[in-house]
Amino acid sequence: MSSSSTTTTTTRLLMLKASDGVTFEVEEAVATKLGAINNMVEEEGSEDLICLPNVNGKFLGMVLEWCKKHANNNTNSDKGNDEVNKWWDKEFVMDLDQNTLYHLLMAADYLSGTELVDLLTEKVASMIRGKKVEEIRETFKIKSDFLPGQEEEIRKKNSWAFE
Amino acid sequence: MEGEMSSEVNILDLPEDCISHILSLTSPGDVCRCATVSTKFRRAAQSDVVWNQFLPSCLEEILSGSVFASKKDLYFQLCGSGILIDGGNNKDPFSQMILSLPNYKPVTSRFSEKPRINDVHELSIQAKIKMRFLSPNTRYVDYFIYVPRFNGIEYPPFSVSVRSRVVGEELTITNYARLEDDFLTRPEYNGYHPRKRDDGWTEVEIGEFFTGDLDHDRDCEVETCLWETGEYVTVACGLVVQGIELRPTED
C-alpha cells in the first residue's frame, strides 16, 4: 500500500471534461493511451483541464475505464498480461448493447484510441460475418433504402455471394 | 455532435469510414452481401480500405506500375482472369506471369505474344515462380496451355517429359505427357493426357506441389519444366504455346 502512495505523488493528474460537463480526474499515463489526448498533452504542455465537447460523460467514463485497465495491466511487464487484457476485453464488449457499442466506437474514434477502436469494430464485424442480407438487416434494424430493382441489380453482379 | 443527452444511435449513424473499417474485418462474401443492405453500406463497401485487406501484402511490389480504378476492381480481376504482371511491357516473355488470388486463384505464366514454334528440334520450356507469390499450405497443379497441331495425323504423337518441383527439394518425379492424343495408344499410355478447354486452348498436367508454411526468410522457388523425350523423332513445328498455369486444388 505504501508503494502506491509514492507512485501517485509522481504521477500527473489530468482533468477531462465531457460534453455534458461531467469531469474525470485521470492519471496522465492512463489518458495518454488515447492518441488525441496524448497529442494535446504533448502540444499544449501544462494544460491540466481538457475539454472534450464531442463525448458524453457516460461513454467517456467507459472509455477511460478501458484505458485504466490496459494501462494497469501493461505496467506489470508480465507475459501473461496479453492474456489478461484479452480476457478483460472479451468481458468488456460481451454484453454491450448496440447503442452503447456505437457511442463507444465514435468516442474511441474521436479520441484516437486505436486499440479500443479495433476491439469495438471487431465486435461489430463478428455480428456481420456469415449472415444473410435479411439477417444483417434484422440484427442492425436497418430498412433497405434502395430504389425498386436497384438491390436486385447489385445482387446479380456478385451472385456467388448469395448462393 | 453529441447533445447533452446521449441519443439512441444505430449502426448507420457511424461515419462511413468507420463502417468500411468494420467491413474490412469480414470477408469478400460478407462485403458483397452488405453492399445490398442499404445505400450507406453500399458506399462503405466500395472503399479501398475494405478491399485492400483482401489483397496480398506483397502486391505493391509485384504490380508496380499497374493502375486500377479501385482496390475492388483489382480484387475481382485477380479472382477472375488474373493480371499480367509488368503490364505486358516486359520484353522477356519468360519473366511475365499472371497473378491471381488464393482460393479462386490460379497463377499463370504467359507469353506476351503466343509463340508459334517452328523448326524447333529440342523443345524445352522452364518456368520459375517465387513461392511467396502463392498461397500458403496449398496444393497446386501446374498445367501447360497450348494449341495442338493437327490432331496427331500428320505427326507422330508428341510426347514430352514434365516435372514440377520445389527448387532444392530432393524428391522430384518426372512424368510423361502427351501433347497430342492418339486414340490408338491411349489405353496403354501411363502419362498425362491433354484436355480441351472451353476457351479453345488445350491443357495438360505437368505435376503438382505443396507450398507449406511459406517462410519468407527462405525464399523458395517452384520450377516447372517440360522437354522433349525423344520417344519419337519429332519436330515441335506448329505448336502454339500460351503458357503455364498453376491452379490450387481442393484437397
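Model, not experiment: these values are computed from the prediction.

1. Description of the overall build of chain B
Part 1 of the argument: Of the regular secondary structure elements, chain B holds six helices and twelve strands.
Part 2 of the argument: For chain B, buried positions account for 49% of its 251 residues.
Part 3 of the argument: Look at the contacts in chain B between residues 6 or more apart in sequence, and 67% of them connect residues 24 or more apart.
Part 4 of the argument: Surface exposure of chain B reaches about 12,900 Å², of which carbon and sulfur atoms provide 49%.

2. Here's the deal with the packing of helix α6 (residues 98–110) of chain A against helix α7 (residues 114–126) of chain A
Residue and element names in this part refer to chain A.
Part 1 of the argument: Contact geometry of α6 with α7 gives a least axis separation of 9 Å together with a crossing angle of 150°. Relative to α7, the element α6 is oriented roughly antiparallel. Handedness of the α6/α7 crossing: left-handed. For the pair formed by α6 and α7, the contact residues are Leu101, Tyr102, Leu104, Leu105, Ala108 and Asp109 on the first element and Leu116, Val117, Leu120, Thr121, Lys123 and Val124 on the second.
Part 2 of the argument: When its residues are assigned to classes, the contact of α6 with α7 shows nine nonpolar, one polar and two charged.

3. Some words on the nonpolar core
Part 1 of the argument: A:Leu16, A:Ile37, A:Leu60, A:Leu120, A:Phe140, B:Leu14 and B:Leu23 are the most contacted members of the largest nonpolar core, which has 69 residues in total.
Part 2 of the argument: Among the elements that take part in this core, helix α4 (residues 57–75) of chain A stands out by supplying eight residues, more than any other.
Part 3 of the argument: Discounting residues that sit within four places of it in the chain, A:Leu16 has contacts with A:Val22, A:Thr23, A:Phe24, A:Val26, A:Ala31, A:Ile37, A:Ile50, A:Leu52, A:Leu60 and A:Leu64.
Part 4 of the argument: Residues B:Phe133, B:Phe144, B:Val160 and B:Val222 belong to the second largest nonpolar core, which totals 24 residues.

4. Brief notes about α6(A)
All names here are of chain A.
Part 1 of the argument: Over its 13 residues, α6 extends 18 Å from the first C-alpha to the last, a length consistent with the 18 Å expected when each residue adds 1.5 Å.
Part 2 of the argument: Most of α6 is tucked away, with ten of its 13 residues classed as buried.
Part 3 of the argument: In this structure aspartate 97 caps α6, since a side-chain oxygen of it lies 3.1 Å from the backbone nitrogen of asparagine 99.
Part 4 of the argument: Note on α6: the residue one or two positions beyond its end, serine 112, has a positive phi of about 50°.

5. Some words on the environment of B:Tyr176
All names here are of chain B.
Part 1 of the argument: Structurally, the position occupied by tyrosine 176 is in strand β8 (residues 174–178).
Part 2 of the argument: Its relative accessible area of 45% is what places tyrosine 176 among the partly exposed residues.
Part 3 of the argument: For the pair formed by tyrosine 176 and tyrosine 192, sequence separation is 16 residues and the distance between their alpha carbons is 6.2 Å.

6. Some details on the packing of aromatic side chains
Residue and element names in this part refer to chain A.
Part 1 of the argument: Per the counting criterion, the structure on display carries three aromatic pairs over all chains.
Part 2 of the argument: Consider the rings of tryptophan 88 and phenylalanine 92, whose centres lie 5.3 Å apart with planes at 25°: the pair is stacked. Of the two residues, tryptophan 88 and phenylalanine 92 both sit in helix α5 (residues 81–94), four residues apart, roughly one turn of that helix. Accessibility assignment for this pair places tryptophan 88 and phenylalanine 92 in one class, buried.

7. A word on the interface of chain B and chain A
Part 1 of the argument: Taken together, the contact pairs 36 residues of chain B with 41 residues of chain A.
Part 2 of the argument: Inspection of the region where chain B meets chain A yields zero salt bridges.
Part 3 of the argument: On inspection of chain B and its partner chain A, the count reaches ten residue pairs in polar contact (both at pLDDT 80 or more).

8. Remarks on the pattern of salt bridges
Part 1 of the argument: Counted by the stated rule, this structure contains 17 salt bridges over all chains.
Part 2 of the argument: Among the ionic pairs, A:Lys86 bridges to A:Glu83, the shortest N-O distance being 4.0 Å. Linking A:Lys86 with A:Glu83, this pair stays in helix α5, spanning three residues, or about one helical turn.
Part 3 of the argument: On the basis of relative accessible area, A:Lys86 is assigned to the exposed category, the value being 54%.
Part 4 of the argument: A salt bridge links B:Arg195 to B:Glu203, with the shortest nitrogen-to-oxygen separation between them at 2.9 Å.
Part 5 of the argument: Since its relative accessible area comes to 3%, B:Glu203 is described here as buried.
Part 6 of the argument: Within this structure, B:Arg195, B:Arg197, B:Glu203, B:Glu245 and B:Arg247 form a network of salt bridges that share partners.

9. A few points about the sheet that holds β8(B)
All names here are of chain B.
Part 1 of the argument: Across the sheet, which stays open at both edges, the four strands sit in the order β5-β11-β7-β8 with antiparallel pairing between neighbours. In this open sheet, the two edge strands, each paired with only one partner strand, are β5 (124–130) and β8. Neighbour-to-neighbour, the strand axes of this sheet turn through a mean angle of 20°, independent of strand direction.
Part 2 of the argument: In the sheet, strand β7 (residues 159–166) pairs with strand β11 (residues 221–228) via seven bridges, with the strands oriented antiparallel. Each residue of the ladder has a partner; that of serine 164, found in β11, is threonine 224.

10. Quick look at the sheet that holds strand β3 (residues 49–51) of chain A
Residue and element names in this part refer to chain A.
Part 1 of the argument: With respect to topology, three strands assemble into an open sheet ordered β2-β1-β3, the strand pairing being mixed. Two strands close off the open sheet at either side, each with one partner strand: β2 (23–27) and β3. On average, each strand axis in the sheet is tilted by 25° relative to the strand beside it, whichever way the strands run.
Part 2 of the argument: Of the pairings in the sheet, the one linking strand β1 (residues 13–17) to β2 comprises five bridges and is antiparallel in character. When the bridges of β2 are listed, leucine 16 appears paired with phenylalanine 24.

11. Topic: the confidence of the model for chain B
Do not read the fine detail of predicted coordinates wherever pLDDT is low.
All names here are of chain B.
Part 1 of the argument: Looking at chain B, the pLDDT average stands at 72 and 59% of residues meet or exceed 70.
Part 2 of the argument: Across residues 87–98, confidence stays below pLDDT 50; counting only partners more than four residues off in sequence or on other chains, it has 34 contacts.
Part 3 of the argument: Note on residues 100–112: pLDDT under 50 across the span, and 57 contacts to partners over four residues away in sequence or across chains.
Part 4 of the argument: Scored as a whole, the predicted complex attains pTM 0.62, and scored at its interfaces, ipTM 0.87.

Conventions and cut-offs
- Residues numbered from 1 in each chain as written.
- Chains lettered and ligands numbered in written order.
- Predicted model: local features only at pLDDT ≥ 70, side-chain atom pairs only at ≥ 80, totals over all residues.
- Heavy atoms only, no water.
- Helix = DSSP H or I, 4+ residues; strand = E, 2+ residues; numbered from the N terminus.
- Buried < 20%, exposed > 50% of the residue type's maximum accessible area, 1.4 Å probe, protein only.
- Contact = heavy atoms within 4.5 Å.
- Areas by Shrake-Rupley, 256 points an atom, 1.4 Å probe, with all protein chains shown as cover.
- Axes fitted to C-alpha atoms, helices over the stretch in contact; angles between N-to-C directions.
- Parallel < 35°, antiparallel > 145°, perpendicular 65-115°, else oblique.
- Left-handed = near helix turned anticlockwise from the far one by under 90°.
- Nonpolar A, V, L, I, M, F, W, Y, C, P; charged D, E, K, R; others polar.
- Core = buried A, V, L, I, M, F, W, Y, C linked by side-chain atoms within 4.5 Å.
- Expected span 1.5 Å × (residues − 1).
- Polar contact = N/O pair within 3.5 Å; in protein donor to acceptor, adjacent residues only side chain to side chain.
- Phe/Tyr/Trp six-rings, centres within 6.5 Å; stacked < 30°, edge-to-face > 60°.
- Salt bridge = Lys/Arg side-chain N within 4 Å of Asp/Glu carboxyl O.
- Pairing = 2+ DSSP bridges.
- pLDDT = per-residue confidence, 0-100.

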